[in-house]
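Examination of the molecular architecture
Now for the letters of each chain:
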Amino acid sequence: MKYSVIALSLLVVASAGDAHAKAKWVIGMSQCNLGEPWRVQMNADIKKAAAGNADIEVIFKDAQNDTLKQRAQVEEFVNAGVNLLIISPKEAAPLTAPVAAAFKKGIPVIVLDRRVLGSSYTSFIGADNKKIGMAAGKWIAKRVAELAAGGAKGRVVELKGLMTSTPAQDRNSGFRAGIKAAAPAVVDIVFEADMKWLEANARKEMESALAVNPKIDLVYAHNDPGAHGAYLAAKAAGREKNIIFVGIDGLPQEGQSFVKQGLLEASFEYPTGGKEAIESALKILGGKTVPKEVTLNSHVFTKANVDKGGECL
Amino acid sequence: MSNANTIATIPSASPAPSFDAKRKPNAPIHLRKLAQQPWVRALLALVLIAAIGMIFNPGGIFYKWSTHRDMLRQVSVAGMLACGMTLVIITGGIDLAVGSVVGFTAVLFSLLTLHLGWPAALALPVCVLTGAACGALSGGLIAGFNIQPFIATLAMMVFARGLAKSISGGQKISTAVLQADDSYKNIELPALFGTIDHRILGENIAVVTLVMLVCVLACYVLLTKLRWGRYFYATGGNENAARLSGVPTKAIKVWAYGLSGVFSAIAGICQAAQEQQGDPEAGAGYELTAIAMVVIGGTSLAGGRGGIALTLIGAFTIGYLEKILSINAVGESSRLMLTGLIIVAAVLLQRSKK
C-alpha cells in the first residue's frame, strides 16, 4: 500500500512535469490563481501567442492564491535564470520586494493585471475595472432610458462580486459613476447583493430580488456567470423575457457565448492581456523599449457585434 | 452510553429519557419528556428562525409559497450532502470530501453529456459509481489502514478537487465547446439538464428538492428499518463493543463513506444541471454547510446518536436563515456574523440539560 501510493505520486509528477525544449529565450510566467476561469484564459492567451514563436519558451507556475508561494516562485524563476519574467501578482505589497529583486538582477519584468508598488519593473499591462464599470453604467443608463420612455424609472438589480476585492469595488463605483454621468434620473437600483463571483449565489440572490420586486427591468452582474445565474433564476420564475441581463468579463466560452445565445444582452470584456504580454516580451527581448504602463482596450459584446469581435469601448 | 443502550434507543434516535424528579416538579412529566426529544429541540430552532422570517418580512413575501419553494430548491444540493454526512457522523466519522466530490462529478457529468454526447442512461450511473468509488476509497483507508477520518477525507477532498481540475483542464465545462479553429460552438443543452432543473406538481416544487427528499427517505429506511442501519449506530456508539458483538464495523465504515460518495455524486449532477455547466470549483465549502446542517439538527459529532429527520430539520433551519438574510438584502458582513451567532444559538437550544 505504502509503495503503491508512492509509485502513484511519482507517476502523477512524471506526467505533470514538462519536458523542457531548448529555446533561445525562456520566459517565466507566475500566475496567482488558476482557480479562476479568467486566469486560465490569461494563461491560454499567453500560450497561444507564444506558440508560433520558436525563439521563446514559456514556463507556467500557479501560486494557487497563496502570496508566499508566488514569492517563492519568483525566486525560483530568478535562480533558474529565466530571460524574462511575467507575473500576475496576487497582492501588491508582499510581492513588490521579490519582483524588484528580480528586476535589479537585470531580468525584465512584465506585471500583468494587478499591480506591484514602486517602479522596479519593466512594464505594467492591465485593464481598468473602473473604466469598464463606467462604460457599463453609461450603457445601462441609456438602455434603461429607452425602456422607461413613459417617465418611470428603470428598476435595476446589481449583483456584486466579492466586495472586499478591488475588481468588485471598481466595477461597483465605476458603474454608479457611469449612471451619474449619463442619466441619473432614470435608474433606480432596487436590489443589490454580494454574490461573491459565484453563479450559484447569484441565482439565490436573484430569486430573492424577484420575490421582493414585482417588476425588474435590468440586472447588472459584476461577472458573466453571475448574470447567467440571474438569468436562470428569472427563467425559473417565467420572467426572463421582461428583464435585460448585462455582465462583465466577455470570455469567449462564457460572456460571448451567453450573448450569442441571447441570454445576456451585453457583456463587457475585461481583457486578460496575455497576448499583449507576449508581444511586449518579444520587443523587450529584442532590445526595444516598451511603455511603462499599458492600459488595455476593452470591448462590449452585443448580439449585433459578437460575431465581429465586439465593439471597442 | 453503553452499546446495548445505543441499540435499544435507535428507533426514536434519542437518548434514553432520564426521569429527573427533583427538577421542575410542577411541569407535567409527559411535557418534560417531550421537550427532551431531540426532534422537538431541533424544531425549536427552526421555529425560532421562521419567527425571525415573519418579523423581517418585506411585502409579506415570507407568507408566499414561492419563497418557501425557492428555499427548498436552494437547500437541496447541500441537503443531499448532509444525508451522507449524517450516515458518516453516526458511525463516529466525518467526511470532508463531499464538496470536492460535487465538483468532480459535476465536471464529469457535464463532460460526458455535453462534450462526449453520452446518453443520460449511461452518464448517470457512471457518475454515481465514480462518487461511490471516491467515498469507498476514503472508507477503505479509514477502515483498512486506521487512518483518522479527518485525515483520510481531507486527502480525498484535495485529490478529488485536483481530479476535477484535471479532467476539465481548469475551465468550466459548458455548452460552449471549443472547436479545432479556436472558436466556440454552442451545443444544445441535453434534455436531462432541463428535467432536473425544473418544477413539477403544478410548478410547486423543484425536481432537485424531490431528489433530496428521496435521499432523506432512503437514509430513513436504512437507519430505522434495517438491522444493517442499526450497525451504523453501534459502530459509532462503541466500536469495540460492536465489533465484539459481531457487527462488521470495518465494512459498515466503508459503506457509510461509499454512500456519502453516492449522495455527493447525485448532488454533483444536480449542481451541474442547475448551473448548466460543470464548474471544477463547484461545491467548495459545501462540506461545512452539510456538517452545520447535521449538527444543528442535533446529531452528535461524537457518533452513535442522531437521525436523518433531524438533519432534514437542520437543513431547513440553515435554508431559511439564508433565505431570510437574502430577501432582506442584508449586507455580507452582517450575514456572516448573524449566521455564526444563530448557529451557536441553535446548537445551544439543542443541548440537553444534564
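Quick caveat, the model's predicted, so the values are computed rather than measured. (Residues numbered from 1 in each chain as written. Chains lettered and ligands numbered in written order. Predicted model: local features only at pLDDT ≥ 70, side-chain atom pairs only at ≥ 80, totals over all residues. Heavy atoms only, no water.)

**Thoughts on the packing of aromatic side chains**
Scanning the entire structure with this criterion turns up 8 aromatic pairs over all chains. Consider the rings of W139 of chain A and F268 of chain A, whose centres lie 6.1 Å apart with planes at 85 degrees: the pair is edge-to-face. Of this pair, W139 of chain A sits in helix 5 (residues 129–147) while F268 of chain A is found in strand 10 (residues 266–269), placing the two residues 129 residues apart along the sequence. Seen from their ring centres, W228 of chain B and W255 of chain B are 5.1 Å apart, and the 85 degrees between their planes marks the pair as edge-to-face. Of the two residues, W228 of chain B is situated in helix 11 (residues 227–237) and W255 of chain B in helix 13 (residues 249–275); the sequence distance between them amounts to 27 residues. Using a relative accessible area of 30% as the deciding quantity, one classes W228 of chain B as partly exposed. Exposure remark for W255 of chain B: the relative accessible area of 46% places this residue in the partly exposed category. Here the basic side chain of K292 of chain A rests over the ring of Y121 of chain A, its NZ or CZ set 4.5 Å away from the ring centre. (Phe/Tyr/Trp six-rings, centres within 6.5 Å; stacked < 30°, edge-to-face > 60°. Helix = DSSP H or I, 4+ residues; strand = E, 2+ residues; numbered from the N terminus. Buried < 20%, exposed > 50% of the residue type's maximum accessible area, 1.4 Å probe, protein only. Lys NZ or Arg CZ within 6 Å of the ring centre and 35° of its normal.)

**Examining the sheet that holds strand 9 (residues 244–249) of chain A**
All names here are of chain A. Pairing is mixed in the open sheet, where 7 strands are placed in the order 7-6-8-9-10-12-13. Unpaired on one side and paired on the other, strand 7 (187–194) and strand 13 (311–312) mark the two borders of the sheet. Bridge count for strand 12 (residues 299–302) against strand 13 is 2 bridges, and the pairing is antiparallel. What sits directly across from V300, in strand 13, is E311. Across the face of the sheet, helix 5 comes into contact with strand 6 (154–160), strand 7, strand 8 (218–221), strand 9, strand 10 and strand 12 while running at roughly 160 degrees to strand 10. (Pairing = 2+ DSSP bridges. Contact = heavy atoms within 4.5 Å. Axes fitted to C-alpha atoms, helices over the stretch in contact; angles between N-to-C directions.)

**Some thoughts on the pairing of strand 7 of chain A**
All names here are of chain A. Strand direction decides the pairing type here: strand 6 and strand 7, joined by 7 bridges, are parallel. The residue bridging V157 from the neighbouring strand is F191, located in strand 7. Between the parallel pair strand 6 and strand 7, the chain is carried across by helix 6 (residues 166–182), and the sense of this crossover is right-handed. (Right-handed = clockwise from strand over helix to strand, strands pointing away.)

**Concerning the side chain of T67 of chain B**
Residue and element names in this part refer to chain B. Turning to its location among the elements, T67 is positioned in helix 4 (residues 65–74). T67 gets classed as buried once you look at its relative accessible area, which sits at 3%. Apart from residues lying up to four places away in sequence, T67 is in contact with I61, K323 and I327.

**Some thoughts on the nonpolar core**
Grouped together as the largest cluster of nonpolar side chains are 79 residues, with contacts concentrated most on L87, F109, F232, F316 and Y320 of chain B. The residues touching F109 of chain B, leaving out its near neighbours within four places in the chain, are L114, A123, L124, C127, L192, F193, I269 and A272 of chain B. One finds M29, A127, A135 and I284 of chain A within the second-largest nonpolar core, a separate group that totals 43 residues. (Core = buried A, V, L, I, M, F, W, Y, C linked by side-chain atoms within 4.5 Å.)

**Considering the pattern of salt bridges**
Within the structure shown, the criterion is met by 20 salt bridges over all chains. A salt bridge links E239 of chain B to K253 of chain B, with the nearest nitrogen and oxygen atoms 3.1 Å apart. Separated by 14 residues along the polypeptide, E239 of chain B in helix 12 (residues 239–244) and K253 of chain B in helix 13 bring together distant segments of the chain. By relative accessible area, K253 of chain B is classed as buried at 13%. Members of the salt-bridge network, linked through shared partners, are E158, K160, R176 and E192 of chain A. (Salt bridge = Lys/Arg side-chain N within 4 Å of Asp/Glu carboxyl O.)

**Comments concerning the domain arrangement of chain A**
Residues and elements named next belong to chain A. When cut into domains, chain A gives domain 1 (22–127 + 272–297) and domain 2 (129–270). Here the C-alpha centre of domain 2 lies 32 Å away from the C-alpha centre of domain 1. Facing the 8 residues of domain 1 at the interface are 10 residues of domain 2. Buried area between domain 1 and domain 2, both sides added, is near 680 Å², and the carbon and sulfur share of it is 55%. Broken down residue by residue, the surface that domain 1 buries against domain 2 is led by W38, Q41 and A127, which jointly contribute 61%. For the interface between domain 1 and domain 2, the tally reads 0 salt bridges. Per-element accounting of the side of domain 1 that touches domain 2 gives the leading share, 3 residues, to helix 2 (residues 37–51). Grouping the constituent residues of the side of domain 1 that touches domain 2 by class yields 3 nonpolar, 4 polar and 1 charged. (Domains from an automatic or database assignment. Buried area = accessible area lost by both parts, 1.4 Å probe. Nonpolar A, V, L, I, M, F, W, Y, C, P; charged D, E, K, R; others polar.)

**Brief notes about the interface of chain B and chain A**
Contact residues are listed per partner, giving 33 residues for chain B and 31 residues for chain A. Buried area between chain B and chain A, summed over both chains or domains, comes out near 2700 Å², and the portion from carbon and sulfur atoms is 46%. Among the residues chain B hides against chain A, the three largest losses belong to Q171, K172 and Y184 of chain B. Together they make up 19% of the total. On inspection of chain B and its partner chain A, the count reaches 5 salt bridges. Seen at the junction of chain B and chain A, the total is 14 residue pairs in polar contact (both at pLDDT 80 or more). Mapped onto the side of chain B that touches chain A, the elements with two or more residues apiece are helix 4, helix 7 (120–145), strand 2 (184–186), helix 13, helix 15 (308–327) and helix 16 (332–350) of chain B. Residue composition of the side of chain B that touches chain A, by class: 8 nonpolar, 12 polar and 13 charged. (Polar contact = N/O pair within 3.5 Å; in protein donor to acceptor, adjacent residues only side chain to side chain.)

**Some thoughts on the environment of A133 of chain B**
Inspection of the secondary structure assignment puts A133 of chain B in helix 7. A133 of chain B sits in the partly exposed class, given a relative accessible area of 47%.

**Details of the environment of I86 of chain A**
Residues and elements named next belong to chain A. Within the secondary structure, I86 is located in strand 3 (residues 84–88). Relative accessible area serves as the criterion here: at 0%, I86 is assigned to the buried category. Separated by 28 residues in sequence, I86 and V58 place their C-alpha atoms 9.5 Å apart. When near neighbours in sequence (up to four residues on either side) are disregarded, I86 contacts I27, G28, M29, S30, I110, L112, A277 and I278.

**Topic: the packing of helix 4 of chain B against helix 15 of chain B**
Residue and element names in this part refer to chain B. It is the contact of helix 4 with helix 15, at a shortest axis distance of 9 Å, that shows an interaxial angle of 120 degrees. The angle between the axes of helix 4 and helix 15 places the two elements in the oblique class. In this structure, helix 4 meets helix 15 at a crossing whose hand is right-handed. Residues T67, H68, D70, M71, L72 and Q74 of helix 4 form the contact with helix 15, whose participating residues are F316, G319, Y320, K323 and I327. When the residues that make up the contact of helix 4 with helix 15 are grouped by side-chain class, the tally is 5 nonpolar, 4 polar and 2 charged. (Parallel < 35°, antiparallel > 145°, perpendicular 65-115°, else oblique. Left-handed = near helix turned anticlockwise from the far one by under 90°.)

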